[in-house]
Amino acid sequence: MDDFRYLPGVTTLKLDEKACIGCGMCLAVCPHGVFVINERTAKVIDRDGCMECGACATNCPVNALSVDPGVGCAAYIIQSWIKGKENASCGDGGCC
Amino acid sequence: MAPLKDEEHGSCRTVKNGCECEEKSNPQVIFSGQAAEDLCCGPPAEPRSSHLEKPGYQLCRFVEKFIETPAGSVPRVKRTLDRSDIWETIKVRSGINRNQYKITPGLYCVGAADHHSPVLVSANYKLSFDALRQALTHSHAWILVLDTRGVNVWCAAGKGTFATEEVVRQVRASRLADVVSHRTLILPQLSATGVAAHQVKKQCGFKVQWGPVRSEDIEFFISHDNKCDAAMRKVTFTLWERFVLIPVEITLLYKYLLWFLLIAFILSGIGSGIFSFSQAWHRGLISVSAGIVGIVAGVVVAPLLLPWIPGKPFSVKGALSGFLAGSAVAAIFWGRVNALEVTALMLFAMAVSSYLAMNFTGSTPFTSPSGVEKEMRLAIPAQAGAVLISSAAWLWAAFGAQG
């Protein structure tokens, strides 16, 4: 996946290292290898690899992670502009 | 759908009795039966229905038998795809019946699954299910299929149908706790967007272990004490993975095609003589060519060459492939179009390609919503501007030529 890099410096991912208990769940669920566990605490080693899928935040048992999750899909975003985020869906049978 | 052994036996006996009865009491029936056979069309009768069939149900071709468990009978599925599975896959990949390609949720198994066997959780999109059972070449396992409304694992997790609540619901509905003695579920890693492992444990007592991203690694995972190596935790986007997405992207454009053709031919016919049908036809074909190469550049070329086209925003990649495609059209019609028309054609091909390539963000496994939104805020005005300038130039050229 290192061949595929999207826009840098945009992710909404936040990690509260003080709250982290080092369980490693974020490491297991992240599909882009964004995290490592170092001295029993999660560290973000590849912030720009984050695609904001939200798996880490959903699975953090102590809410140390937050991200504004969503799908990186132009059709979805156009719909969210027009209909609002609650009513948007991924195209009409398009991507998802 | 339990295997009804008695029924099989019973049905054999019924036939035999029937024959004996006919022979004794009414020989004519046999005669007319033979005559009917000769007269009746077609090949000899098909084999008798499978004893697994049950009125009101349809037996799935991928089910080989049913096994008895403390929670009732469970279908055992084949580990290989047959011809009809492959044909259906090709159709779905081409966009046919794609939104209705589902299987019934619930518990299935492969091999000789017993109470120690692992439980793999999957989506009820048949492509996902086929990928999983095909990957399970040696393992004996249970497959718990969730009701994701026929949507694949990752998209369903994003939509909230492959979710904590659904896992808990299916664990209870299938009475999984009566079927297996352990309390572990293996979930595909990409479902983690929708499933909170600690919540599943809390709500139904089953511990979630995150399996690999790709089903092809599931055998490795099971045979290595439920562990993945780092590469199995990461998504990929290979040339083949990009290629299989293209047919669906193309079929989604059909509904816009008619509008595009209509507008292109009308716009091309307008000139100093108000409207000319012959001009609409000749110039229309040229503008439609630019549109079609723009589509190919955005939907086929940009996705296939994604890692090699310069630029990070997809709209930029699409504009570049559209520039090359537009140049090809300009070269083909060179001599029949002037400089202004070449500009119009190039801009149009670039705008179409840029927009379509940008839409491909939704099909990739690495674009973040924040990034896509940032790119779109710049790209959409640029694409719209290019189409407007292109149309104006195309019109202006028509008036210039004849005026």
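All of the points below concern the structure found in this document. (Residues numbered from 1 in each chain as written. Chains lettered and ligands numbered in written order. Predicted model: local features only at pLDDT ≥ 70, side-chain atom pairs only at ≥ 80, totals over all residues. Heavy atoms only, no water.)

Details of the overall build of chain A
Scanning chain A from terminus to terminus reveals 3 helices and 4 strands. Sequence-ordered secondary structure for chain A, helices as α and strands as β, is β-α-β-β-α-β-α. Buried positions account for 49% of the 96 residues belonging to chain A. Partitioning the intrachain contacts of chain A with sequence separation of at least 6 by distance along the chain shows that 43% fall at a separation of at least 24. (Helix = DSSP H or I, 4+ residues; strand = E, 2+ residues; numbered from the N terminus. Buried < 20%, exposed > 50% of the residue type's maximum accessible area, 1.4 Å probe, protein only. Contact = heavy atoms within 4.5 Å.)

Topic: the nonpolar core
All names here are of chain B. Core analysis: the largest hydrophobic core is formed by 57 residues, its most contacted members being Trp142, Phe162 and Leu185. It is helix H5 (residues 153-159) that contributes the most residues to this core, 5 residues altogether. Grouped together as the second largest cluster of nonpolar side chains are 21 residues, Ile295, Met346, Ala393 and Trp394 included. (Core = buried A, V, L, I, M, F, W, Y, C linked by side-chain atoms within 4.5 Å.)

Comments concerning the interface of chain B and chain A
Opposite the 48 residues of chain B that make contact, chain A presents 42 residues. Roughly 3,800 Å² is buried in total at the junction of chain B and chain A, and carbon and sulfur atoms are behind 64% of that figure. Contact with chain A buries area across many residues of chain B, yet Lys312, Phe366 and Pro369 of chain B alone supply 16% of it, more than any other trio. Counting the contacts that link chain B with chain A gives 0 salt bridges. At the surface where chain B touches chain A, the tally comes to 17 residue pairs in polar contact (both at pLDDT 80 or more). For the side of chain B that touches chain A, the secondary-structure elements that each account for two or more residues are H5, helix H8 (197-204), helix H15 (339-359) and helix H16 (369-402) of chain B. (Buried area = accessible area lost by both parts, 1.4 Å probe. Salt bridge = Lys/Arg side-chain N within 4 Å of Asp/Glu carboxyl O. Polar contact = N/O pair within 3.5 Å; in protein donor to acceptor, adjacent residues only side chain to side chain.)

Examining the side chain of asparagine 359 of chain B
With respect to the secondary-structure elements, asparagine 359 of chain B resides in helix H15. Given the relative accessible area of 18%, asparagine 359 of chain B is considered buried.

That is the geometry; function is a separate question.
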